[in-house]
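Listed below are the residues making up each chain.
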Amino acid sequence: MAAHDVAVIGAGPAGSTAAYRLARAGARVLLVDKARFPRDKPCGGGVTLRAARLLPFSIDPVVEDVVDRLECGLDYGPHFARTARAPLAYMTQRRRLDHFLLERAGDAGADVRQGVAVDPRELDAGVVVVADGCNGTSAKALGLAPEVAHGVALEANFPHDVRHAHTMTLEIAAVPGGYGWIFPKGDHVNVGVGGWASEGPRLRAHLRRMCDHYGIDPDTATDTRGYRLPMRRPNAALVFGNAAVIGDAAGLVDPFSGDGMYEAFLSAQLVADAVLADDLASYAAAVERRITPLTTAGWGAKLAFDRFPRTTFALARLPVTFRAVERLLRGELATPGEARGLERTTVRAIYRVAKAAGA
Ligand SMILES: Cc1cc2nc3c(=O)[nH]c(=O)nc-3n(C[C@H](O)[C@H](O)[C@H](O)COP(=O)(O)OP(=O)(O)OC[C@H]3O[C@@H](n4cnc5c(N)ncnc54)[C@H](O)[C@@H]3O)c2cc1C
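Given the structure is predicted, the values throughout are model-derived calculations rather than measurements. (Residues numbered from 1 in each chain as written. Predicted model: local features only at pLDDT ≥ 70, side-chain atom pairs only at ≥ 80, totals over all residues.)

Caption draft 1: Molecular detail of the overall build of the chain. The helix and strand tally for the chain stands at 11 helices and 16 strands. The globule rule puts the C-alpha radius of gyration for 359 residues at 21 Å, and the 20 Å found for the chain is close to it. Long-range contacts, defined as pairs at least 24 residues apart, comprise 72% of the intrachain contacts of the chain with a sequence gap of at least 6. (Helix = DSSP H or I, 4+ residues; strand = E, 2+ residues; numbered from the N terminus. Rg over C-alpha atoms; globule rule 2.2 N^0.38 Å. Contact = placed C-beta atoms within 7 Å.)

Here you go:
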C-alpha cells in the first residue's frame, strides 16, 4: 500500500485547499512545498467574494481591507466610479493568506512538509496533485506539460493612503493586453501593472506612470517584484495517469483580470471531488465545464479592450454592465453567459466586440 493516498506538490492557494479538502474527507495526504512558510508570492492579494465563497472556512483573520467600490479608467483618460451593494473582494497579503491556508490543511490532518524539494516521480502516493505554480517543473517531470501562454506583471508596495481604502482602482489598457491596479491593504497600498509578455521590458516605466497619475511617489516603492501570469490554451491536458495539475501549474489564471485564486480554489475543489470519487479523469471534464467558460470570456474581454478600447469601455461603464460585473465578482453569476435581461444585452454587446476583435 502507498504511504499516502494523495501527494500534493506546492502549498499555494491551490495545493493547500486541495490538501485540506482531501484530508477532511479522510484521505492520507502529503502536502509538500519547497519553501518555508510564511513565504511571499508576487500577487495583488485580492480575493474576490466568489473565490472566498468557495472556501469551506472563513479567511477573516487575514483580511486587511474589504472592497466595495470600483474606480475604473481607460488608459489615463475617461474614468468612472461605482459603489457595489455589497463587498466585491477581500484584500489580503499572500505571505499571511498562504500561511493561514497551509495551517488549515495541517489542522485537517494533512502531513505538511515545508522546505522540501521532491522528485515527483519518486513519491509513494496513489495520486499526485501538481500545484507548484507557474514556474513549477513537476508536471513536465510527470509527462504532463499543459500548454500555457504567459503574461507578465510587476508590482510594488507604497505607503498607505486613506484615499484608496475600500476601493479597487483599475486603469484598463494602461498596459497593452492588461491594466494597472491599486489595491488597499492594512498598512500599505499595492500598485501593479500587467499585460502581454512582450511588455516585460516596459513594465517599470508603466508602473512609474501609474504612480505618477495617481499621485503616488514612485521612489517610496518597496518589495518591487515581477512574475508571470500563466494562461491555459484550449484543451491543454490536465490529467495524465495518476497525476493531475491544478491552479497556476495548469495555467488557470483569468486572461483578462489576471486573477487566479478563484481558479486555484475551484480547481482544488474539482480535483478533490474527482479523487474522492475514485475517478481522476473526471477532473478534466469538470474544469472544462466550470472554468473554461470563464477563461473564454476572459480572452474575449482582453481582446475587445486591446483592439477596440473605447467601444468596450463605453459598454463597460454602463451601470447595467457594473451590475453584471458585481454579480460575477460576488459569485452570484457563474459565467457572464448566465446574465439575464438588460445585463445580458450588454454582455452580448461585449461578446460581439470580442468576436470582431478575433476572440
Ligand atoms: C503580480 C501578480 C498579481 C496577482 N494578483 C492577483 C490578485 O489580486 N488576485 C488573484 O486572485 N490572483 C492574482 N494573481 C494570480 C495569483 O497570484 C495566482 O493565480 C495564484 O498564486 C495561484 O496559486 P497556486 O497555488 O496555483 O500557485 P502559487 O501560489 O504560485 O503556489 C505554488 C507553490 O508551489 C511551490 N513550489 C514550486 N515548485 C515546487 C517544487 N518543485 N516542490 C514543492 N513545492 C514547489 C511554491 O513554493 C509555492 O508555494 C496575481 C499574479 C501576479 C503575478
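Next comes the rest of the description.
Caption draft 2: Region of the structure containing the domain arrangement of the chain. For the chain, the assigned domains are domain 1 (4–64 + 92–148 + 231–293), domain 2 (149–229) and domain 3 (298–356). Computed from C-alpha coordinates alone, the two centres of domain 2 and domain 3 are separated by 23 Å. Of the residues lining the interface, four residues belong to domain 2; the matching set on domain 3 comes to five residues. Classifying every residue of the side of domain 2 that touches domain 3 by side-chain character gives three nonpolar, one polar and no charged. (Domains from an automatic or database assignment. Nonpolar A, V, L, I, M, F, W, Y, C, P; charged D, E, K, R; others polar.)

Caption draft 3: Structural context of the packing of helix α10 (residues 319–329) against helix α11 (residues 341–356). As a packed pair, α10 and α11 sit with axes 9 Å apart at the nearest point and diverge in direction by 95 degrees. What the angle tells us is that α10 and α11 run roughly perpendicular. Of the residues in α11, those in contact with Val-320, Thr-321, Arg-323 and Ala-324 of α10 are Leu-342, Glu-343, Thr-346 and Val-347. Taken together, the residues of the contact of α10 with α11 sort by class into four nonpolar, two polar and two charged. (Axes fitted to C-alpha atoms, helices over the stretch in contact; angles between N-to-C directions. Parallel < 35°, antiparallel > 145°, perpendicular 65-115°, else oblique.)

Caption draft 4: Spotlight on α11. For α11, spanning 16 residues, the distance from its first C-alpha to its last is 23 Å, which sits close to the expected 22 Å at 1.5 Å a residue. Against the buried residues of α11 lie α8 (292–307), α9 (309–316) and α10. Immediately downstream of α11, the backbone of Gly-358 shows phi near 100 degrees, a positive value. (Expected span 1.5 Å × (residues − 1).)

Caption draft 5: Layout of the site of the ligand. As a matter of local geometry, the ligand sits amid 38 residues, with Gly-12, Gly-44, Gly-133, Gly-247 and Gly-260 nearest to it. For the shell around the ligand, the secondary structure elements donating two or more residues are α1 (13–24), β2 (29–33), β10 (148–159), β14 (222–232) and α6 (261–276). Top element by residues in the shell around the ligand is α1. It accounts for three residues. Looking at the shell around the ligand residue by residue, the class counts come to 18 nonpolar, 13 polar and seven charged. Mapped onto the domain boundaries, the shell around the ligand takes at least three residues apiece from domain 1 (4–64 + 92–148 + 231–293) and domain 2 (149–229). (Near = placed C-beta within 6 Å.)

Caption draft 6: How the structure looks around the sheet that holds strand β6 (residues 79–83). With respect to topology, seven strands assemble into an open sheet ordered β6-β5-β11-β12-β13-β10-β14, the strand pairing being mixed. In this open sheet, the two edge strands, each paired with only one partner strand, are β6 and β14. Here the strands of the sheet are splayed against their neighbours by 15 degrees on average, with no regard to which way each runs. Pairing geometry for strand β5 (residues 69–74) and β6, over five bridges, is antiparallel. Looking at the pairing, Gly-73 lines up with His-79 of β6. (Pairing = 2+ DSSP bridges.)

Caption draft 7: Structural view of the pairing of strand β1 (residues 4–9). Within β1, five of the six residues are buried, which leaves it mostly tucked inside the rest of the structure. Direction of pairing for β1 relative to strand β9 (residues 125–130): parallel, over a ladder of five bridges. Residue pairing in the sheet places Ile-9 in a bridge with Val-130 of β9. The β-α-β motif built from β1, the intervening α1 and the parallel element β2 has right-handed crossover chirality. (Buried ≥ 20, exposed ≤ 12 C-beta atoms within 10 Å, placed from the backbone. Right-handed = clockwise from strand over helix to strand, strands pointing away.)

Caption draft 8: Just the packing of α1 against helix α3 (residues 94–107), in detail. Two elements in contact, α1 and α3, have axes whose closest approach is 8 Å; the angle formed by their N-to-C orientations is 20 degrees. Judged on the interaxial angle alone, α3 and α1 are roughly parallel. The crossing of α1 and α3 is left-handed. Residues Pro-13, Ser-16, Thr-17, Ala-19, Tyr-20 and Ala-23 of α1 lie in contact with α3, whose contacting residues are Asp-98, Leu-101, Leu-102, Arg-104 and Ala-105. Of the residues contributing to the contact of α1 with α3, the split by class is seven nonpolar, two polar and two charged. (Left-handed = near helix turned anticlockwise from the far one by under 90°.)

Caption draft 9: Summary view of the environment of Ala-286. Relative to the helices and strands, Ala-286 resides in helix α7 (residues 282–290). Spatially, the C-alpha atom of Ala-286 lies 37 Å from that of Thr-224, the residues being 62 residues apart in sequence.

Caption draft 10: Expanded view of the environment of Phe-100. By secondary structure assignment, the location of Phe-100 is in helix α3. Remark: the alpha-carbon pair of Phe-100 and Pro-61, spanning 39 residues in sequence, is separated by 8.4 Å.

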